[in-house]
Amino acid sequence: MRAGALVLFGATGDLARKKLFPALYHLAAAKQLGVPVVGVAVSDWDDARLRAYATEAVQAAEGQVDDPALKELAGGLAMVSGDYRDPATFAALARRLAEVGTARPVYYLAIPPGLFPVVAQGLAQAGLSQGARVVVEKPFGRDLASARELNRVLHQVFPERSIFRIDHYLGKEPVENLLVFRFANAFLEPVWNRRYVASVQVTMAETFGVEGRGGFYDGVGAIRDVIQNHLLQVVALLAMEPPVDAEPDSLRDEKVKVLKAMRPADPARMVRGQYEGYHGEPGMAPGSEVETFAALRLEIDSWRWAGVPFFVRAGKGLPATALEAVVELHAPPRLLFSPDGCQPRPNFLRFRLGGQPPGRAPGGLRAGVRRPPAGLPAAAGRRPGGQPGPVRPPRRRRARVADHPAPPRPARPGARLPARLVGTGRGGDGDGRPWRVARPGGRPA
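Attention here is on the structure that accompanies the text.

Definitions and cut-offs
The residue numbers shown here count from 1 along each chain, following its written sequence. Note on the predicted model: pLDDT of at least 70 is required for a residue's local features to be given, and 80 or more for side-chain atom pairs to be given and counted; whole-chain, interface and lining totals, by contrast, use all residues. As a rule here, side-chain values cover all heavy atoms of the structure and leave hydrogens and water aside. Secondary structure elements are taken from DSSP: a helix is a run of H or I of four residues or more, a strand is a run of E of two residues or more, and numbering for both begins at the N terminus. Distance and chemistry together define a polar contact, namely a pair of N or O atoms within 3.5 Å, with one atom able to donate a hydrogen and the other to accept it when in protein, and with adjacent residues in sequence counting only for side-chain atoms on both sides. Pairs of residues are marked as contacts when any of their non-hydrogen atoms sit within 4.5 Å. Only strands that DSSP links by at least two bridges are regarded as paired with each other. Note on geometry: axes are lines fitted to C-alpha atoms, helical ones only across the stretch in contact, with angles between N-to-C directions running from 0 to 180 degrees. Expected span of a helix, by definition, is 1.5 Å for each gap between consecutive residues, and there is one gap fewer than residues. When a residue's accessible area, from a 1.4 Å probe over protein chains only, is under 20% of the maximum for its type it is buried; when over 50% it is exposed; and in between it is partly exposed. Summarising the geometry, the arc corresponds to the directions from the helix axis toward the C-beta atoms. Two rings from Phe, Tyr or Trp (for Trp, the six-membered ring) form a pair when their centres are within 6.5 Å of each other. A pair whose planes differ by under 30 degrees is stacked, one over 60 is edge-to-face, and the rest are tilted.

Some words on the side chain of aspartate 167
By the element assignment, aspartate 167 lies in the loop between β6 (163-165) and α7 (173-183). For aspartate 167, the side chain forms a polar contact with the side chain of histidine 230, separated by 2.6 Å. When residues no more than four places from it in sequence are discounted, the contact partners of aspartate 167 are Asn229, His230 and Gln233.

Following this line, the structure appears as structure tokens:
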């Protein structure tokens, strides 16, 4: 059933500015929005201020914009200001919804998870939950106990079919393309298992810091912010069995099988750290040990993946930005023209999940074959007829993104994570901002 309005709690926040208003603009440009959008926030804003904020957010995200689509989005915005714990806020929201004449709103909670129960109960007390649906963003609680409590409160107000728990990272085109690449290509299935795959690495490295979100980030950290949701979803997409169809429940069922087969993360195979200057960010608790970098090794005890390490790492304030998954295949025993004692480097598949090289379409897959080093035997450089020819230095078959260093060679099973990514010093490579590394268990080194 189509919604009559979208109510955006947290309309003045970072998530709305970076993700939601640009997404709504694209819906308007595709003629698929068609409903008013009511913003709710503590900020003392009026309609004009919210419309200007949304316009600036879309222009910053898109650059060139379709003016009629942007005007349609901005013209349909309305603002309700007030404390989420104040019943008057929900009474004002009820009046706004009555003005637009809708009885079937969708509530999007782009707010800290601690406020989810407050808003749900406020909607129920104001009589605004009947026939409505609610969308909750990650993180969903802080741990298992708080997640169960949050579910209990939401079920008091909304039936399960009206609750949507979402991870916006799954809406990225390159992430969706993982399913297409895996299950639309028959050539891949014979090698997509422990017999041919040596390791899998999923990386989300960012050069920037918390960027004014210190108050939020210091209560979350890298593990709760991106690893236990975004990156575990990527791991599940890479490791899952083919679903019976493309319905959401079928996709979820296969992901659940992967998570059930996954061992609990071992603290002895986990590294946590902070980038230098984190404590100077606004909103930080004194002496905070919340991690801005985390790296861990996961094991999936299934027939397909037993013994294949899955390395997951994420961090801010690092020397380079990289959002990618690298699947390394086992190395062949020896290349035909390699000199004696030269161990060939393995083939790999690299899925770029964010950003792309110049001139490439978004969502592209990059596959590479690393050639042996220079100094091949003369036999490899003969012209037809047996005459010696020049031996040219090897060239990489793939283009490299400017200012993006080549990734480290994936770790072998049983090995620790590469030291250049988890060690102390200037970002591990001698440039960028350094981070402080913590011993397993969270104590700073």
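So that's the structure; there's more coming.
Some remarks on the sheet that holds strand β4 (residues 105-109)
Two orientations exist for strands paired in a sheet by backbone hydrogen bonds: parallel and antiparallel. Strand order in the open sheet formed by six strands is β3-β2-β1-β4-β5-β6, and the pairing between neighbours is parallel. One side of each edge strand has no neighbouring strand; the edge strands of this open sheet are β3 (77-81) and β6. Across the sheet, the mean angle separating the axes of adjacent strands is 20° when strand polarity is ignored. When strand β1 (residues 5-9) meets β4, the two strands line up parallel, connected through five bridges.

Points about helix α6 (residues 144-157)
Look at α6: 21 Å from first C-alpha to last across 14 residues, which is about the 20 Å you get at 1.5 Å a residue. Within α6, the full set of buried residues consists of Ala147, Leu150, Val153, Leu154 and Val157. For α6, the arc enclosing every buried residue in end-on projection is 125°, short of the 170-degree limit, so these residues lie on one face. For α6, the exposed residues lying more than 90 degrees away from the buried face are Leu144, Ala145, Arg148 and Gln156. In the core, the buried residues of α6 are packed alongside α5 (116-125), β5 (133-136) and β6.

Things to note about the packing of aromatic side chains
Inspection of every chain in the model, using the stated rule, returns 11 aromatic pairs. Taking 6.3 Å as the distance between ring centres and 80° as the angle between the ring planes, the aromatic pair formed by phenylalanine 21 and tyrosine 53 counts as edge-to-face. With phenylalanine 21 in helix α1 (residues 14-29) and tyrosine 53 in helix α2 (residues 47-62), the pair connects residues that are 32 residues apart, well separated along the chain. Comparing phenylalanine 21 with tyrosine 53, the two get one shared label, buried. Here the aromatic cluster, defined as three or more aromatic residues joined through ring pairs, consists of Phe9, Tyr84, Phe90 and Tyr107.

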